[in-house]
Amino acid sequence: MKFPFHIVQLLKAKSGSDLRLPADCEFLSLDIQSKTGVRIGATTLKRLVGFAHDERMPHTSTLDVIARYLGYAHWHELAKIEDSGNSAFDAPDGEVRSADLQPDAYVEITYLPDRIVRMRYLGNQHYRVVESQNSKLQIGDEVEIQNFVLHHPLLAINVWRNGEPLGQFTAGHVSGLSSVKVL
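In this report, the structure presented in the accompanying data block is examined. Not measured: the values here are computed from a predicted model. (Residues numbered from 1 in each chain as written. Predicted model: local features only at pLDDT ≥ 70, side-chain atom pairs only at ≥ 80, totals over all residues. Heavy atoms only, no water.)

1. A look at the packing of helix α2 (residues 24-36) against helix α3 (residues 42-49)
- Viewed as axis vectors pointing N to C, α2 and α3 meet at an angle of 110°, and their least axial separation amounts to 8 Å. In terms of their interaxial angle, α2 and α3 are classed as roughly perpendicular. The chirality of how α2 crosses α3 is right-handed. On α3, the residues touching C25, E26, L28, S29 and I32 of α2 are A42, L45, K46 and V49.
- For the contact of α2 with α3, a count of residues per class yields 6 nonpolar, 1 polar and 2 charged. (Axes fitted to C-alpha atoms, helices over the stretch in contact; angles between N-to-C directions. Helix = DSSP H or I, 4+ residues; strand = E, 2+ residues; numbered from the N terminus. Parallel < 35°, antiparallel > 145°, perpendicular 65-115°, else oblique. Left-handed = near helix turned anticlockwise from the far one by under 90°. Contact = heavy atoms within 4.5 Å. Nonpolar A, V, L, I, M, F, W, Y, C, P; charged D, E, K, R; others polar.)

As structure tokens, this is what we get:
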């Protein structure tokens, strides 16, 4: 289950975190625990805010804790709130989440000094590099990426070249991604 956009926005406002990176869910977990006395794991929160594609329903008790954290008596009260936004714009400007893409979508990123990488989405957070200019990633590499965030470094969780694992790869260490486009 993934929370609707408006509930993610409420979590962002309450926690003071922009929830742009999966690691931000660690902070959210600690904040929920400090305010409710109940710990919700970061992995569960990653699933609920959309960093991981997983349709499992969380326990009602988990949803109730999140509702209490947001100032509601229980989940059913929170779930009744109408979404006044447009759910088609689920990710903030400048962010592309793998969980929101359909297979065969193309993502193009650029970063300094003059690097361009274009990838085809394979599904399940996996991409195939189809164009690479001045990057250590090569055409044909398979990369696992949860999300792309403008002005943040790109973290490829895993890279495979010719079927051989190469490990993690980070691009744009200093100034982050200059552009992120879904083509």
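2. Quick look at the nonpolar core
- In this structure, F3, L11, I32 and I66 are the most contacted members of the largest nonpolar core, which totals 23 residues.
- Ranked by residue count, the leading element in this core is helix α4 (residues 60-69), at 5 residues.
- Setting aside its immediate chain neighbours within four residues, F3 contacts V8, L11, L48, L63, I66 and W75.
- Counting 22 residues, the second-largest nonpolar core is a separate cluster that includes M119, Y127, I145 and A156. (Core = buried A, V, L, I, M, F, W, Y, C linked by side-chain atoms within 4.5 Å. Buried < 20%, exposed > 50% of the residue type's maximum accessible area, 1.4 Å probe, protein only.)

3. A short note on the side chain of S179
- As for its placement among the helices and strands, S179 is situated in strand β9 (residues 177-182).
- For S179, a relative accessible area of 16% gives the class buried.
- Looking at S179, its side chain comes within polar contact range of the side chain of T110, at 2.5 Å. (Polar contact = N/O pair within 3.5 Å; in protein donor to acceptor, adjacent residues only side chain to side chain.)

4. A look at the environment of D100
- You can see D100 is positioned in the loop between β1 (95-97) and β2 (106-111).
- In sequence terms D100 and G50 are 50 residues apart; their C-alpha atoms lie 8.1 Å from each other.
- Looking at D100, its side chain comes within polar contact range of the side chain of K2, at 2.8 Å.

5. Remarks on α4
- All buried positions along α4 are accounted for by T62, L63, V65, I66, A67 and Y69.
- Buried-residue contacts for α4 involve α1 (5-15), α2, α3 and α5 (75-79).
- Positive backbone phi, approximately 95°, marks G71, located one or two places after α4.

6. Overview of the packing of α2 against α4
- Where α2 contacts α4, the axes come no closer than 10 Å and their chain directions differ by 75°. Overall, the two elements α2 and α4 adopt an arrangement that is roughly perpendicular. Two secondary-structure elements touch here, α2 through L28, D31, I32, K35 and T36 and α4 through V65, I66, R68 and Y69.
- The class makeup of the residues in the contact of α2 with α4 is 5 nonpolar, 1 polar and 3 charged.

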